[in-house]
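Architecture at a glance
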Amino acid sequence: RTQIAHLVTVVVVLLVLTFLTAPLAYLPTVVLADIVFLTGIHLVDVQGLKGVLARRPVEFGVPLATTLSVVFFGVGWGIVVAIIISILAHLRHSYRPLNYLIIRRSDGSWVSSPLSSGDQVIDGLVVYRFGGDLYYINEGKMTEEVLDIVDSAKRPVQWFCFSASAVNDVDYSGSEALKQLQRQLRSRGVT
C-alpha cells in the first residue's frame, strides 16, 4: 500500500508540474521548495530502511552514506558514492560467502550446521556447501576451510562432498583451486 501511495504522490506531482507550470511560477520559491521537499520525504521508505537496519546493518550504510553524500556534495557525488559502496559491499559478501556443513537429522530432514561443528552426515562423510560464486577473491578461503574441516575432524574423513548449489559461476582461478584441492584431499586419503 505504501508503495502505491508513493507512486500516486509522484504521479500527481509530475502532472501538476507538467500542466500547471505557469500558475506555479507565481508561487514563492519557499513554497516550491516545500513541495519538492515533501515529495522527496514521501519517496523515502522509512519502514523498509528500519527493516534493513534491523536485519543487515552493514547494508544500511549504503543508503545512509548515499543520502549524506547527496545532502553535502550533490546528487552526482551521491550516485558515485552509492556505486562505490555497493561494489565494496558486494566484494565483501563475495569474499566471505556463507558456507556451512549439511547434515541429516534423525527425522530425515537436511539442515545446515556451522563449519566449526565438524558434523558429518555419516561417519566419514562430510558435505560442505559453498555459499557463493567461486572466483579468485574467495578460492583461498574455500581451500583453507575445506582443509581445516578435514584436518580437524573428530572422526577421519573418507569422503568429501562439495555442494555447489549456490555457485552460479566458477572462474579460472576457482576451477584451478578445485583441482588442486582435489589433489590435496586425495593425498590425505579423502575421496
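Overview of the structure.

**Description of the nonpolar core**
When a protein is soluble and globular, its nonpolar side chains tend to lie buried together. With 17 residues, the main nonpolar core has Tyr128, Met142, Val146, Phe160 and Leu185 as its most contacted residues. For this core, the elements supplying multiple residues, two or more each, are β3 (125-129), α7 (139-151) and α8 (172-187). In contact with Phe160, not counting residues within four places along its chain, are Val126, Tyr128, Val146, Ile149, Val150, Leu185, Val190 and Thr191.

**As for the packing of aromatic side chains**
For the structure shown, the criterion picks out five aromatic pairs. Aromatic pair Tyr135 and Tyr136: ring centres 5.4 Å apart, planes at 85°, arrangement edge-to-face. Using a relative accessible area of 15% as the deciding quantity, one classes Tyr135 as buried. Chaining the aromatic ring pairs together yields one cluster made of Tyr128, Phe130, Phe160 and Phe162.

**Comments concerning the side chain of Glu145**
Looking at the secondary structure, you find Glu145 in helix α7. Accessibility expressed as a relative area gives 13% for Glu145, which makes it buried. A polar atom in the side chain of Glu145 sits 2.6 Å from the side chain of Tyr128. When near neighbours in sequence (up to four residues on either side) are disregarded, Glu145 contacts Asn99, Leu115 and Tyr128.

**Digging into the packing of helix α5 (residues 57-73) against helix α6 (residues 75-95)**
Viewed as axis vectors pointing N to C, α5 and α6 meet at an angle of 160°, and their least axial separation amounts to 7 Å. On the basis of the axis angle, α5 is roughly antiparallel to α6. Remark: the crossing between α5 and α6 carries right-handed chirality. Contacts from Val58, Glu59, Val62, Ala65, Thr66, Ser69, Val70 and Phe73 of α5 reach α6 at Val75, Trp77, Gly78, Val81, Ala82, Ile85, Ser86, Arg92 and His93.

**Quick notes on the environment of Arg92**
Mapped onto the secondary structure, Arg92 falls in helix α6. Distance in space between the C-alpha atoms of Arg92 and Ile137 is 9.7 Å, their sequence separation being 45 residues.

**Observations concerning the packing of α7 against α8**
Where α7 meets α8, the closest approach of the two axes is 10 Å, and the angle between their N-to-C directions is 20°. Judged by the inter-axis angle, α7 sits roughly parallel to α8. Here α7 runs over α8; the crossing is right-handed. Counted together, Glu139, Met142, Thr143, Val146, Leu147 and Val150 of α7 and Ser173, Gly174, Ala177, Leu178, Leu181, Gln184 and Leu185 of α8 form the full contact between these two elements. Partitioned by chemical class, the residues of the contact of α7 with α8 number eight nonpolar, four polar and one charged.

Definitions and limits used
- Residues numbered from 1 in each chain as written.
- Predicted model: local features only at pLDDT ≥ 70, side-chain atom pairs only at ≥ 80, totals over all residues.
- Heavy atoms only, no water.
- Core = buried A, V, L, I, M, F, W, Y, C linked by side-chain atoms within 4.5 Å.
- Buried < 20%, exposed > 50% of the residue type's maximum accessible area, 1.4 Å probe, protein only.
- Helix = DSSP H or I, 4+ residues; strand = E, 2+ residues; numbered from the N terminus.
- Contact = heavy atoms within 4.5 Å.
- Phe/Tyr/Trp six-rings, centres within 6.5 Å; stacked < 30°, edge-to-face > 60°.
- Polar contact = N/O pair within 3.5 Å; in protein donor to acceptor, adjacent residues only side chain to side chain.
- Axes fitted to C-alpha atoms, helices over the stretch in contact; angles between N-to-C directions.
- Parallel < 35°, antiparallel > 145°, perpendicular 65-115°, else oblique.
- Left-handed = near helix turned anticlockwise from the far one by under 90°.
- Nonpolar A, V, L, I, M, F, W, Y, C, P; charged D, E, K, R; others polar.

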